[in-house]
Amino acid sequence: MRFAKCVSAFRPSPIRGMMNAVINPNVISFAGGMPGNELFPVEDVREIIEKMPRKEMDTALQYGPTDGLPRLLKDMNEWMTKKGFDMSKNRIIITTGSTQAMSIVTKLFVDPHDVVLTEDPVFVGSAGAFCAYQADIIGVKMDREGIVIDDLEKKLARNPKFIYMTPTFHNPAGLTYSRERREQFLEIMAKHPDVIILEDDAYGELYYDEDVKSEIIPMKTYAKNENQIIYTSSFSKIFGPGLRIGWMIVPNEIYEAAEICKQSMDACTPQFSQMLAAEFIESGRMERYIEMLRKVYKERRDAMVNCLHKYCPEVEFVTPQGGFFLWAKMPEGVDEKELFTVCAEKGVVFVTGDAFNPEYKKNRYVRLSFSNTPPEVIERGVKILAEGIASLRK
Ligand SMILES: Cc1ncc(COP(=O)(O)O)c(C=O)c1O
């Protein structure tokens, strides 16, 4: 087959490859970054559809504007203004999942073998989007407070087109950048005004500790160089990923190119999903739903943290203050790939850390997702994980 050159650069997602195991009800899955199935607002969606006037239903089933359903764009403008974004300098584009925002940014800025900086570890879905356009990905180290500034300065010398980051409730690292680290990062980036910052905030609404709220304000809302930042977020974790809706906030000068770029990808984001989202927001359901999610996911986060302390005291991790993931460092001598095999045989799966390394390097970490598993099942799963670790340490 005479495939295009870019095909050999595709980066398959190991998590997508595990989808059969992840959705198998007999498997305890800490693998996918999936919302809890039983938590989806199914009754709300049913009610919205039942009450949707015929005219709105016609619009929902029709093609729509590339940048988004006007009604949803208005809602999002209000919401993002309340969050602190300057909407006179920026515009919103509703995207087909925030994954599409990653693709749009890469297509706009990256020629084959241009450098893109990411954090190390990096979310595989975004890395996949960058690789699809033949970007050369270079990882920048992270510590407990975020990106390591010395390493960032070193890697900026490679002349990247943009840097991708998830400063809040990182996937997979579960970390949140301190305010101080964000300021240091912005100061360095201000010296490189032609390097775009792609700020991914997919989990920002899902905080479980009140004291983290002052840290997690999006950088684009207060950066002096906010014009350098493209912000993206998603309805996937606060409504449903099956709807495939996300959004990006782009500086006015980038907007037109981004909109035309999206035209060539999908003409428009599903109107039906956008209509549901607009009604979900306007009726106040979304706010109530997110409140509920915070409570349930906090219980799951606590269950996983407590079980790890109880059954796997030698595993190291930083307690995530929001989001879906716990990034666990295995004890010396435990090979994470072997651990995966041992645990999978006993019906527990997770993702090994090499999947999130820009160069697929092994790193002794595993990503444990707690979002789609109730506390009592988390306990069973962590016990099996502990048995697996113990069997490999003998
Ligand atoms: C950090 C991060 N960004 C983006 C996404 C993609 O979300 P979407 O479903 O909106 O494409 C995810 C999904 O897991 C994610 O974890």
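1. Brief notes about the packing of helix 12 (residues 285-311) against helix 14 (residues 375-393)
Between helix 12 and helix 14, the shortest axis-to-axis distance is 9 Å and the interhelical angle comes to 30°. One way to sum up the angle between helix 12 and helix 14 is to call them roughly parallel. As helix 12 runs across helix 14, the sense of the crossing is right-handed. When helix 12 is examined against helix 14, the residues Glu299, Arg300, Ala303, Met304, Cys307, Leu308 and Tyr311 are found in contact with a partner set consisting of Pro375, Ile378, Glu379, Val382, Lys383 and Ala386. Classifying every residue of the contact of helix 12 with helix 14 gives 9 nonpolar, no polar and 4 charged.

2. Examining the domain arrangement of the protein chain
Taken domain by domain, the protein chain holds domain 1 (5-41 + 287-393) and domain 2 (62-282). The C-alpha centroid of domain 2 is placed 24 Å from the C-alpha centroid of domain 1. Listed per partner, the contact involves 31 residues of domain 1 and 34 residues of domain 2. Elements supplying a minimum of two residues to the side of domain 1 that touches domain 2: helix 1 (14-17), helix 12 and strand 10 (325-329). Examining the composition of the side of domain 1 that touches domain 2, we find that 6 residues originate from one element, helix 12, more than from any other.

3. Description of the environment of Pro270
The residue Pro270 is located in the loop between helix 10 (252-266) and helix 11 (271-282) in this model. Remark: the alpha-carbon pair of Pro270 and Leu69, spanning 201 residues in sequence, is separated by 9.1 Å.

4. Digging into the site of the ligand
Near the ligand, the surroundings consist of 15 residues, among which Gly97, Ser98, Thr99, Ser234 and Ser236 are the closest. Elements with a minimum of two residues in the shell around the ligand: helix 6 (98-109) and helix 7 (124-132).

Reading the values: rules and limits
- Residues numbered from 1 in each chain as written.
- Predicted model: local features only at pLDDT ≥ 70, side-chain atom pairs only at ≥ 80, totals over all residues.
- Axes fitted to C-alpha atoms, helices over the stretch in contact; angles between N-to-C directions.
- Helix = DSSP H or I, 4+ residues; strand = E, 2+ residues; numbered from the N terminus.
- Parallel < 35°, antiparallel > 145°, perpendicular 65-115°, else oblique.
- Left-handed = near helix turned anticlockwise from the far one by under 90°.
- Contact = placed C-beta atoms within 7 Å.
- Nonpolar A, V, L, I, M, F, W, Y, C, P; charged D, E, K, R; others polar.
- Domains from an automatic or database assignment.
- Near = placed C-beta within 6 Å.

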